[in-house]
Amino acid sequence: MIGSSGAESARERALHTLYDEQAGPLYAYVVRLLGGDRYRAEDVVQETLLRCWRTQDLNTDRPIRPWLFRVARNLVVDDYRLRMTRPQEVSGNDWLDDLVTRPDDVDRLLTSLLIREAFRQLSPKHREVLYETYYSGRSTQETGKLLGIPPGTVKSRTYHAVRALRLAMGLVESADDEVGEKPPWAYPSAA
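Residues numbered from 1 in each chain as written. Predicted model: local features only at pLDDT ≥ 70, side-chain atom pairs only at ≥ 80, totals over all residues. Heavy atoms only, no water.

## A closer look at the overall build of the protein
Here comes step 1: A tally of regular secondary structure across the protein gives 9 helices and 0 strands.
Here comes step 2: Helices (α) and strands (β) of the protein occur, in sequence order from the N terminus, as α-α-α-α-α-α-α-α-α.
Here comes step 3: When each of the 191 residues of the protein is scored for burial, the buried share is 22%.
Here comes step 4: The long-range share in the protein, meaning contacts at least 24 apart out of those at least 6 apart in sequence, stands at 50%. (Helix = DSSP H or I, 4+ residues; strand = E, 2+ residues; numbered from the N terminus. Buried < 20%, exposed > 50% of the residue type's maximum accessible area, 1.4 Å probe, protein only. Contact = heavy atoms within 4.5 Å.)

## Digging into the confidence of the model for the protein
Here comes step 1: Averaged over the protein, the pLDDT score is 79; the fraction of residues at 70 or greater is 76%.
Here comes step 2: Between the elements of the protein, mean pLDDT differs from a low of 52, seen in helix 9 (residues 175-179), to a high of 92, seen in helix 7 (residues 140-147).
Here comes step 3: Here residues 182-187 is a poorly scored stretch, pLDDT under 50, and it has 1 contact once near neighbours within four places are set aside; other chains count. (pLDDT = per-residue confidence, 0-100.)

## Looking at the side chain of Thr 143
Here comes step 1: Tracing the backbone through its elements, the reader meets Thr 143 in helix 7.
Here comes step 2: Discounting residues that sit within four places of it in the chain, Thr 143 has contacts with Glu 132, Thr 133, Arg 138 and Val 154.

So, in structure tokens, the structure goes:
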């Protein structure tokens, strides 16, 4: 021990033995309980061994491992409950991330201009279907009755209009990119 003359008492030897025999398995157990958080696991093991040193008689032949594991588990549960009752902790940089990612009026203006330009590139039939379904909020049935076309045609035009709109906005490079290529194992072999 630090500051001692080098002579260990029986209690100190018992503590060293306890640490040598129990710290490894206890640490592995606590790491599993904490989902791999090694730093918190070290704290829990240290607190568990400290409580053992303060309250238990280390010179008996009574097995101490069950007591250690129970105390460690209780410490983990108590820490979890404490974290759930407190407000969530935030780091000092979160406000900066929020500030940078928060959309502002300029972003909304640019997005609306981009959408308007892409919307103008659509055919009139596609524009009217998108307007009625997305902007006006009508169902497929209502849009079909209003435009005088079957519901299946409304669905088809809406699908193709959205694809064309995404292509016009540059969200996909080509019409085939949205669907993606079929993997080679999807085709039946000619063998």
